[in-house]
Amino acid sequence: MQNWGEIIGSLASKVFIERIYQDTIILAVTDSCWMQELHLLSELIKTKINQTLSEPRIKTIRFKYSTKKNSSVQKIRVNTPISFIPKQLTPQEQQALSHIQDQELSQALTRFLQKCHHFS
């Protein structure tokens, strides 16, 4: 994000890119008072970021409070997607999910639990 100063403007001293992961960007904010304001401006910020990219890639912006100030040289960590192999649910989890009537909710919770097992 070489154009970060142009995207964020005068707020560049208060917010910087901490991490980009898939379609999410995590912005570190050095002043807690600005975090709420930036959250309210998140759609505008997302639009400006996507306009500078070759294609709209950022779908989610997350804000994080950071005590470290923005340095002139930033190292942006860009993670590559992790291949996901679903793990088998425990019998207790399968039993709990069997009581859920809503099929879409049941599938979403199943995927969530599988991811939890994957990263644990």
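Residues numbered from 1 in each chain as written. Predicted model: local features only at pLDDT ≥ 70, side-chain atom pairs only at ≥ 80, totals over all residues. Heavy atoms only, no water.

### Topic: the overall build of the protein chain
- Across its full length, the protein chain holds five helices and four strands.
- Across the protein chain, helices and strands are ordered from the amino to the carboxyl terminus as α-β-β-α-α-β-β-α-α.
- Counting the 120 residues in the protein chain, one finds 25% classified as buried.
- Looking at the protein chain as shown, the accessible area adds up to about 8,700 Å², and 52% of this sits on carbon and sulfur atoms. (Helix = DSSP H or I, 4+ residues; strand = E, 2+ residues; numbered from the N terminus. Buried < 20%, exposed > 50% of the residue type's maximum accessible area, 1.4 Å probe, protein only. Areas by Shrake-Rupley, 256 points an atom, 1.4 Å probe, with all protein chains shown as cover.)

### Overview of the pattern of salt bridges
- Inspection of the entire model under this criterion finds two salt bridges.
- A salt bridge links Lys64 to Glu18; the shortest N-O distance between them is 2.5 Å. Linking Lys64 in strand S3 (residues 60-65) with Glu18 in strand S1 (residues 15-21), this pair joins segments that are 46 residues apart in sequence.
- Between Glu43 and Lys46 there is a salt bridge, with the nearest N and O atoms lying 3.3 Å from each other. Here the residue Glu43 and the residue Lys46 both occupy positions in helix H3 (residues 42-52), the gap between them amounting to three residues, near one helical turn. (Salt bridge = Lys/Arg side-chain N within 4 Å of Asp/Glu carboxyl O.)

### Quick word on the side chain of Ser66
- Counting through the fold element by element, Ser66 comes out in the loop between S3 and strand S4 (77-79).
- Among residues more than four places away in sequence, those in contact with Ser66 are Phe16, Ala28, Val29 and Thr30. (Contact = heavy atoms within 4.5 Å.)

### Considering the pairing of S1
- The buried count for S1 comes to five of seven residues, which makes it a mostly enclosed element.
- Where S1 folds back on strand S2 (residues 24-29), the antiparallel hairpin that results is connected by two residues, among which Gln22 adopts a positive phi of roughly 50 degrees. (Pairing = 2+ DSSP bridges.)

### Looking at the environment of Thr67
- In this structure, Thr67 sits in the loop between S3 and S4.
- Separated by 39 residues in the primary sequence, Thr67 and Ala28 have C-alpha atoms spaced 8.9 Å apart.

### Here's the deal with unusual backbone geometry
- One non-glycine residue with positive phi stands out, namely Gln22, at about 50 degrees.
- When you line up the elements, Gln22 lands in the loop between S1 and S2.

### Considering H3
- Every buried residue belonging to H3 is among Ser42, Ile45, Lys46, Ile49 and Asn50, and all of these are buried. Buried residues of H3 fall within an arc of 130 degrees about the axis and therefore sit on the same side. Exposed side of H3, more than 90 degrees from the buried face: Glu43, Leu44 and Gln51 are the residues found there.
- Where H3 is buried, its residues meet helix H1 (4-8), S2, helix H2 (32-40) and S3. (Arc of directions from axis to C-beta.)

### Some words on the nonpolar core
- If you look at the biggest cluster of nonpolar residues, it comprises 18 residues, and the most contacted ones within it are Trp4, Val15, Ile25, Leu27, Ile49 and Ile61.
- If you list the elements that add at least two residues to this core, you get H1, S1, S2, H3 and S3.
- With residues up to four places along the chain from it excluded, the contact list for Leu27 reads Trp4, Val15, Phe16, Ile17, Glu18, Ile45, Ile61, Arg62, Phe63 and Lys64. (Core = buried A, V, L, I, M, F, W, Y, C linked by side-chain atoms within 4.5 Å.)

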